[in-house]
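Chains, contacts and geometry: an overview
Residues per chain are reported as follows:
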Amino acid sequence: MIALIPILTLLAALGSGLMAGLFFAFSSFVMAALARLPADQGIAAMNSINVTILNLSFGVAFFGTAILCLGLGVVGFLRWSEPGSMWLVAGSLLFLIGTIAVTMIFNVPLNDALATANPASPESAALWTRYLAEWLPWNHVRALTTIAALISFILAFARQSA
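Residues numbered from 1 in each chain as written. Predicted model: local features only at pLDDT ≥ 70, side-chain atom pairs only at ≥ 80, totals over all residues. Heavy atoms only, no water.

1. Some points on the pattern of salt bridges
What counts here: Between Lys or Arg on one side and Asp or Glu on the other, a salt bridge is scored when a side-chain nitrogen of the former is within 4 Å of a carboxyl oxygen of the latter.
Applying the stated criterion across every chain yields a total of one salt bridge. Among the salt bridges present, the one from Arg79 reaches Glu82, with a minimum N-O distance of 3.5 Å.

In C-alpha coordinates form, the structure reads like this:
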(Lines give C-alpha, C1' and ligand atoms only; values in the text may rest on other atoms or scores of the structure.)
Protein backbone atom coordinates (compact mmCIF):
# COMPACT_ATOMS: atom_id res chain seq x y z
CA MET A 1 0.00 0.00 0.00
CA ILE A 2 2.82 2.41 0.85
CA ALA A 3 4.26 1.91 -2.64
CA LEU A 4 1.01 3.28 -4.09
CA ILE A 5 1.38 6.67 -2.39
CA PRO A 6 3.83 8.11 -4.96
CA ILE A 7 1.61 6.89 -7.83
CA LEU A 8 -1.48 8.41 -6.21
CA THR A 9 0.48 11.61 -5.62
CA LEU A 10 1.35 11.80 -9.32
CA LEU A 11 -2.30 11.20 -10.23
CA ALA A 12 -3.34 14.01 -7.86
CA ALA A 13 -0.76 16.27 -9.50
CA LEU A 14 -2.12 15.33 -12.93
CA GLY A 15 -5.72 16.00 -11.89
CA SER A 16 -4.73 19.29 -10.27
CA GLY A 17 -2.86 20.26 -13.42
CA LEU A 18 -5.82 19.47 -15.64
CA MET A 19 -8.15 21.52 -13.46
CA ALA A 20 -5.61 24.35 -13.19
CA GLY A 21 -5.43 24.49 -16.98
CA LEU A 22 -9.20 24.62 -17.28
CA PHE A 23 -9.58 27.39 -14.70
CA PHE A 24 -6.58 29.27 -16.14
CA ALA A 25 -8.19 29.25 -19.59
CA PHE A 26 -11.44 30.66 -18.22
CA SER A 27 -9.57 33.32 -16.24
CA SER A 28 -7.25 34.21 -19.11
CA PHE A 29 -9.50 34.39 -22.14
CA VAL A 30 -12.74 32.38 -22.17
CA MET A 31 -14.71 34.73 -19.93
CA ALA A 32 -13.20 37.81 -21.63
CA ALA A 33 -14.38 36.43 -24.97
CA LEU A 34 -17.86 35.70 -23.62
CA ALA A 35 -18.03 39.19 -22.05
CA ARG A 36 -17.50 40.72 -25.51
CA LEU A 37 -20.69 39.09 -26.76
CA PRO A 38 -24.11 40.67 -26.38
CA ALA A 39 -25.64 39.56 -23.07
CA ASP A 40 -28.11 37.12 -24.60
CA GLN A 41 -25.36 35.39 -26.59
CA GLY A 42 -22.96 35.35 -23.64
CA ILE A 43 -25.62 33.84 -21.40
CA ALA A 44 -26.50 31.21 -24.02
CA ALA A 45 -22.84 30.33 -24.55
CA MET A 46 -22.07 30.06 -20.84
CA ASN A 47 -25.18 27.98 -20.22
CA SER A 48 -24.09 25.67 -23.03
CA ILE A 49 -20.63 25.34 -21.49
CA ASN A 50 -22.14 24.62 -18.07
CA VAL A 51 -24.23 21.80 -19.53
CA THR A 52 -21.57 20.22 -21.75
CA ILE A 53 -18.81 20.33 -19.12
CA LEU A 54 -20.72 17.76 -17.08
CA ASN A 55 -19.19 14.73 -18.79
CA LEU A 56 -17.03 11.75 -17.89
CA SER A 57 -13.62 13.31 -18.52
CA PHE A 58 -14.45 16.39 -16.43
CA GLY A 59 -16.00 14.23 -13.72
CA VAL A 60 -12.90 12.05 -13.45
CA ALA A 61 -10.56 15.06 -13.33
CA PHE A 62 -12.70 17.06 -10.88
CA PHE A 63 -14.21 14.45 -8.57
CA GLY A 64 -11.50 11.82 -9.06
CA THR A 65 -8.86 14.30 -7.94
CA ALA A 66 -11.03 15.27 -4.97
CA ILE A 67 -11.25 11.61 -3.92
CA LEU A 68 -7.48 11.26 -4.26
CA CYS A 69 -7.05 14.40 -2.16
CA LEU A 70 -9.25 13.02 0.59
CA GLY A 71 -7.13 9.89 0.78
CA LEU A 72 -3.77 11.58 0.38
CA GLY A 73 -4.68 14.24 2.94
CA VAL A 74 -5.44 11.54 5.50
CA VAL A 75 -2.24 9.67 4.60
CA GLY A 76 -0.21 12.85 4.89
CA PHE A 77 -1.73 13.67 8.25
CA LEU A 78 -1.24 10.15 9.61
CA ARG A 79 2.31 9.94 8.27
CA TRP A 80 3.21 13.54 9.15
CA SER A 81 6.85 12.73 9.94
CA GLU A 82 7.40 11.06 6.55
CA PRO A 83 9.04 13.03 3.72
CA GLY A 84 6.52 14.94 1.63
CA SER A 85 3.60 14.50 4.02
CA MET A 86 3.24 18.22 4.69
CA TRP A 87 2.99 18.79 0.93
CA LEU A 88 0.37 16.05 0.59
CA VAL A 89 -1.78 17.72 3.22
CA ALA A 90 -1.21 21.17 1.69
CA GLY A 91 -2.05 20.03 -1.84
CA SER A 92 -5.10 18.17 -0.65
CA LEU A 93 -6.46 21.12 1.34
CA LEU A 94 -5.74 23.54 -1.50
CA PHE A 95 -7.65 21.38 -3.97
CA LEU A 96 -10.53 20.48 -1.68
CA ILE A 97 -11.09 24.00 -0.38
CA GLY A 98 -9.93 26.10 -3.32
CA THR A 99 -11.48 23.97 -6.03
CA ILE A 100 -14.29 21.82 -4.69
CA ALA A 101 -15.63 24.09 -1.94
CA VAL A 102 -15.28 27.32 -3.95
CA THR A 103 -16.99 25.70 -6.94
CA MET A 104 -19.90 24.38 -4.91
CA ILE A 105 -20.36 27.44 -2.70
CA PHE A 106 -19.81 30.22 -5.25
CA ASN A 107 -19.59 29.19 -8.91
CA VAL A 108 -22.36 26.57 -9.08
CA PRO A 109 -25.04 28.80 -7.51
CA LEU A 110 -24.12 31.55 -9.98
CA ASN A 111 -24.31 29.03 -12.83
CA ASP A 112 -27.70 27.81 -11.57
CA ALA A 113 -29.05 31.36 -11.46
CA LEU A 114 -27.80 31.99 -14.99
CA ALA A 115 -29.44 28.77 -16.19
CA THR A 116 -32.86 30.04 -15.13
CA ALA A 117 -32.47 33.35 -16.94
CA ASN A 118 -34.28 34.09 -20.16
CA PRO A 119 -31.41 35.40 -22.34
CA ALA A 120 -33.84 37.58 -24.34
CA SER A 121 -35.31 39.39 -21.31
CA PRO A 122 -34.20 42.96 -20.52
CA GLU A 123 -33.19 41.91 -16.97
CA SER A 124 -30.69 39.42 -18.37
CA ALA A 125 -28.19 42.10 -19.38
CA ALA A 126 -27.89 43.20 -15.74
CA LEU A 127 -27.74 39.57 -14.60
CA TRP A 128 -24.96 38.85 -17.10
CA THR A 129 -22.93 41.86 -15.94
CA ARG A 130 -23.34 40.81 -12.31
CA TYR A 131 -22.54 37.19 -13.16
CA LEU A 132 -19.27 38.14 -14.84
CA ALA A 133 -18.29 40.40 -11.94
CA GLU A 134 -18.96 37.68 -9.33
CA TRP A 135 -18.07 34.45 -11.16
CA LEU A 136 -14.67 35.44 -12.52
CA PRO A 137 -12.95 36.39 -9.22
CA TRP A 138 -13.96 33.03 -7.74
CA ASN A 139 -12.58 31.34 -10.83
CA HIS A 140 -9.29 33.18 -10.27
CA VAL A 141 -9.26 31.66 -6.76
CA ARG A 142 -9.79 28.22 -8.28
CA ALA A 143 -7.01 28.76 -10.83
CA LEU A 144 -4.51 29.91 -8.22
CA THR A 145 -5.34 27.22 -5.67
CA THR A 146 -5.19 24.39 -8.20
CA ILE A 147 -1.81 25.67 -9.43
CA ALA A 148 -0.66 25.73 -5.80
CA ALA A 149 -2.07 22.20 -5.29
CA LEU A 150 -0.19 21.00 -8.37
CA ILE A 151 3.05 22.48 -7.04
CA SER A 152 2.41 20.91 -3.63
CA PHE A 153 1.87 17.45 -5.11
CA ILE A 154 5.02 17.78 -7.22
CA LEU A 155 6.97 18.72 -4.10
CA ALA A 156 5.41 15.82 -2.20
CA PHE A 157 6.39 13.40 -4.95
CA ALA A 158 9.93 14.78 -5.05
CA ARG A 159 10.28 14.31 -1.28
CA GLN A 160 8.79 10.80 -1.46
CA SER A 161 11.23 9.82 -4.20
CA ALA A 162 14.35 11.32 -2.59
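2. Quick look at the packing of aromatic side chains
Operational definition: Only rings of Phe, Tyr and Trp enter the pairing, Trp through its six-membered ring, and a pair is recorded when the two centres are within 6.5 Å. The plane angle decides the type: under 30 degrees is stacked, over 60 is edge-to-face, the rest tilted. Under the DSSP-based scheme used, a helix requires at least four consecutive residues in state H or I and a strand at least two consecutive residues in state E, with every element numbered from the N terminus.
Within this structure, the stated rule accounts for six aromatic pairs. Where Phe106 meets Trp138, the ring centres are 3.6 Å apart and the plane angle is 5°; that geometry is what we call stacked. Separated by 32 residues along the polypeptide, Phe106 in helix 4 (residues 85-115) and Trp138 in helix 5 (residues 123-161) bring together distant segments of the chain. Through pairs of rings, three or more aromatic residues link up here, namely Phe26, Trp128, Tyr131 and Trp135.

3. Describing the side chain of Asn47
For clarity, the cut-off: Whether two residues are in contact is decided by their heavy atoms, any of which lying within 4.5 Å being enough.
Take Asn47: it is sitting in helix 2 (residues 39-52). Once residues within four sequence positions are removed from consideration, Asn47 is found in contact with Asn111, Leu114 and Ala115.

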